[in-house]
Amino acid sequence: MLYIDAGTSFSKIMATNGDTMASLKPICESENKKFYIIRSSEISKLDTKFDGGTGHMSNDYLKDGIEVENEILALAYGVKKLRPELSTMTVLDIGSRDTKWVSFKNGKYKELDWNTACASATGATIEMLCKFYNVDAQTLKANKDKYPVTCGVFGMEKIMDEISKTKNVETAIAKYIHGIAFNAWNFAQKPEKIYLSGGFCESECFVKSLENYCEVEKLGRFVLVCGLEEQY
Amino acid sequence: MGKKKIGFWGVPKPEIIKEYRLKYPNDEFVDLCMLHGAKKTSILPDTTCKIISNIMDNAIHFKDDLDVIIASVGQEKCDSGRFVSRILKDMGYNMVFSTNENYNDAPISIPISTSNLPLGEKITKITANIVEKDNTQYTYCKPQFGFWGVPPNDFEFLKLFPNETHVFGWTRCVEAGRPADTELEMYVDENLPTVFFAQTFCNKMQLAKYLAKKYGGLFIDVDDYATNSTKAKIQAYMRLG
């Protein structure tokens, strides 16, 4: 079986029960499952139809009769699948263009939210900033200061101001990332611990910034796609 | 020129509705809060709630056909409704101002809010009853969900709710004939998973967010049309809640 979480920038694919993506090299393998990551702009080249999918870009790549699954449900079922022992928790997923979270208390659903309207300050923005300034996102060091990025446009203005004054691009982007982390923690209702899903798990700058406010446990980029297995 | 019209918004007093029905017997009533295909004007700021924007856009759109506009300007509506009524008067419209804030102690009757009709149909019938009382007998249903809020600009997302959805908030107040009764507006069934809706930029967002937190419901605000993520939140809440 093949499942896809097709985000705006990257797609996460899980192959189960002996299925495989012949043209891709797995990122990791476990329990008869293989996991892949590919740029979403490249999915059409795979010439593959999937058995289940979630995310903005998955609609065109599912087998006939298969409907796109709700991303929050995929996130909720994914964390239950990956960490069945957790009964009280908040899982937060930050994608290219949105932020969503769901919380459980004593094993039961408690709250959720999904923000796309003011999501200019998420993964895609950082990717564009790093490309524009030729900065390797993996080498960014967390900064104790942050920009207010409730409005991504105002946050961007702060970056431009800092760079024009100090010429220190890395510091400016790190402060921006710290602002995103602070926003995400507030958006998720200020939990004591966040189980983090999505591409920001790979950004030490983001994780360290978020740790200023709560404990963080990284679940990686395949939470939603794991949740799909539960839903189809 | 189309058919002559009596524009209105909010919940004007029944006596005023009756008076103007008699005065213009051939006119049709048009709820200016709703979408009627009017072009967007730029008279009001972009940060105006869509319902109030609709009032202004519709007033411009129907201008030559409107004999009169009956405006709800009391606590049953909002400050924005009151201000727009003054702007329209200043622009030359024939305005009648109505306040609908005092009620008798008759028992509250809400057969449509608790009926088994689809949610959109419930809300349509409740608002239609403002100008034309209908005495249909409705069938009560045991609720699975609650919808709290005002009649939205976008009725499409209401299709996500099952027929077993009870109506709360201002819409229930309208059906009860008590549109300024804030106590009734704040009432919900605390054991019922409820979606608390407000139009973006409407002051009722304050109540909606507070009540959603208090009762473990889902707060949503929608500007013009519900986004995919808003619809997904509702779907997820219904399946997880």
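Please refer to the structure placed before this passage.
Residues numbered from 1 in each chain as written. Chains lettered and ligands numbered in written order. Predicted model: local features only at pLDDT ≥ 70, side-chain atom pairs only at ≥ 80, totals over all residues. Heavy atoms only, no water.

Visitor: Would you mind showing me how to read the overall build of chain A here?
Guide: Check the secondary structure of chain A and you find 7 helices and 10 strands. Projected onto its principal axes, the C-alpha positions of chain A cover 55 × 45 × 30 Å. Sorting the 232 residues of chain A into buried and exposed places 55% on the buried side. Residue pairs in contact within chain A that sit at least 24 positions apart in sequence constitute 59% of those at least 6 positions apart. Taken as a whole, chain A presents about 11000 Å² of accessible surface, with 49% of it coming from carbon and sulfur. In chain A, the 29 positive side-chain charges and the 32 negative ones have mean positions that sit 5 Å from each other. (Helix = DSSP H or I, 4+ residues; strand = E, 2+ residues; numbered from the N terminus. Buried < 20%, exposed > 50% of the residue type's maximum accessible area, 1.4 Å probe, protein only. Contact = heavy atoms within 4.5 Å. Areas by Shrake-Rupley, 256 points an atom, 1.4 Å probe, with all protein chains shown as cover. Lys, Arg positive; Asp, Glu negative; His and termini not counted. Charge placed at Lys NZ, Arg CZ, Asp CG, Glu CD.)

Visitor: I would appreciate a short explanation of the overall build of chain B in the present structure.
Guide: In terms of helices and strands, chain B carries 8 helices and 8 strands. A compact globule built from 241 residues would reach a C-alpha radius of gyration of about 18 Å, and chain B, at 18 Å, matches this within 12%. Seen through its C-alpha atoms, chain B measures out along the principal axes to roughly 50 × 40 × 30 Å. Relative to its 241 residues, chain B shows a buried fraction of 56%. When contacts within chain B are restricted to residue pairs at least 6 apart in sequence, those whose partners lie at least 24 apart make up 64%. Here chain B displays about 11600 Å² of accessible surface, and carbon together with sulfur accounts for 49% of that area. Taking the average location of the 29 positive side-chain charges in chain B and that of its 30 negative ones, the two points are 2 Å from each other. (Rg over C-alpha atoms; globule rule 2.2 N^0.38 Å.)

Visitor: Even after reading the chapter, I still don't get helix α7 (residues 204-215) of chain B, so can you show me in this structure?
Guide: It helps to recall that an α-helix has 3.6 residues per turn; residues three or four apart then point in one direction. Residues and elements named next belong to chain B. Between its first and last C-alpha, α7 extends 16 Å over 12 residues, near the 16 Å set by a 1.5 Å rise per residue. The set of residues buried in α7 consists of K204, L207, A208, L211 and A212. Considered in projection along α7, the buried side chains sweep an arc of 125 degrees and stay on one side of the axis. Turned more than 90 degrees away from the buried face of α7 sit Q206, K209 and K214, all of them exposed. Those residues of α7 that are buried lie in contact with β5 (145-148), α5 (170-175), α6 (182-185), β7 (194-199) and β8 (218-222). Positive phi appears at G216, one or two residues downstream of α7, with a value of about 65 degrees. (Expected span 1.5 Å × (residues − 1). Arc of directions from axis to C-beta.)

Visitor: Just checking my understanding: could you explain the interface of chain B and chain A for this structure?
Guide: Frequently, the measure chosen for interface size is the accessible area removed from exposure when the parts meet. Contact with chain B, which involves 11 residues of that partner, is made by 15 residues of chain A. Overall, the association of chain B and chain A removes approximately 1200 Å² of surface from exposure, summing both partners, and the carbon and sulfur fraction of that is 61%. Interface area lost by chain B to chain A is led by K233, R239 and L240 of chain B, which between them contribute 46%. A salt bridge links E69 of chain A to R239 of chain B; the nearest nitrogen and oxygen atoms lie 3.5 Å apart. Across the chain B-chain A interface, the total number found is 4 residue pairs in polar contact (both at pLDDT 80 or more). Of all the elements, helix α8 (residues 228-240) of chain B adds the most residues to the side of chain B that touches chain A, at 8 residues. When grouped by side-chain class, the residues that make up the side of chain B that touches chain A number 5 nonpolar, 3 polar and 3 charged. (Buried area = accessible area lost by both parts, 1.4 Å probe. Salt bridge = Lys/Arg side-chain N within 4 Å of Asp/Glu carboxyl O. Polar contact = N/O pair within 3.5 Å; in protein donor to acceptor, adjacent residues only side chain to side chain. Nonpolar A, V, L, I, M, F, W, Y, C, P; charged D, E, K, R; others polar.)

Visitor: What am I meant to see in unusual backbone geometry here?
Guide: Both trends apply: most residues other than glycine have a negative phi, and most peptide bonds are in trans. All names here are of chain A. Phi at N32 takes a positive value of approximately 60 degrees, unusual for a residue other than glycine. Topologically, N32 is positioned in the loop between β3 (28-30) and β4 (33-39). For K167, which is not glycine, the phi torsion reads 65 degrees and is therefore positive. Mapped onto the elements of the fold, K167 is located in the loop between α4 (152-166) and α5 (169-187).

Visitor: Can you walk me through the sheet that holds strand β9 (residues 193-197) of chain A in this structure?
Guide: Strand pairs in the sheet, formed through backbone hydrogen bonds, run parallel or antiparallel to each other. Residues and elements named next belong to chain A. Taken in spatial order, the 5 strands of this open sheet run β8-β7-β6-β9-β10, and their pairing is mixed. Pairing within the sheet leaves two strands with one partner each, and these edge strands are β8 (108-115) and β10 (215-220). Each neighbouring strand pair of the sheet contributes to a mean axis angle of 20 degrees, computed without reference to strand direction. Sheet topology places strand β6 (residues 89-94) next to β9; 3 bridges connect them, and they run parallel. (Pairing = 2+ DSSP bridges. Axes fitted to C-alpha atoms, helices over the stretch in contact; angles between N-to-C directions.)

Visitor: When you look at a nonpolar patch on the surface in this model, what are you seeing that I'm missing?
Guide: Side chains of I43, I60, I87 and M91 of chain B sit close together on the surface and give an oily, nonpolar patch of about 270 Å² of accessible area. By the secondary structure assignment, I87 of chain B is in helix α3 (residues 79-90). (Patch = residues over 30% accessible without salt bridge, like charges linked within 9 Å, V, L, I, M, F, W, Y side chains within 5 Å.)

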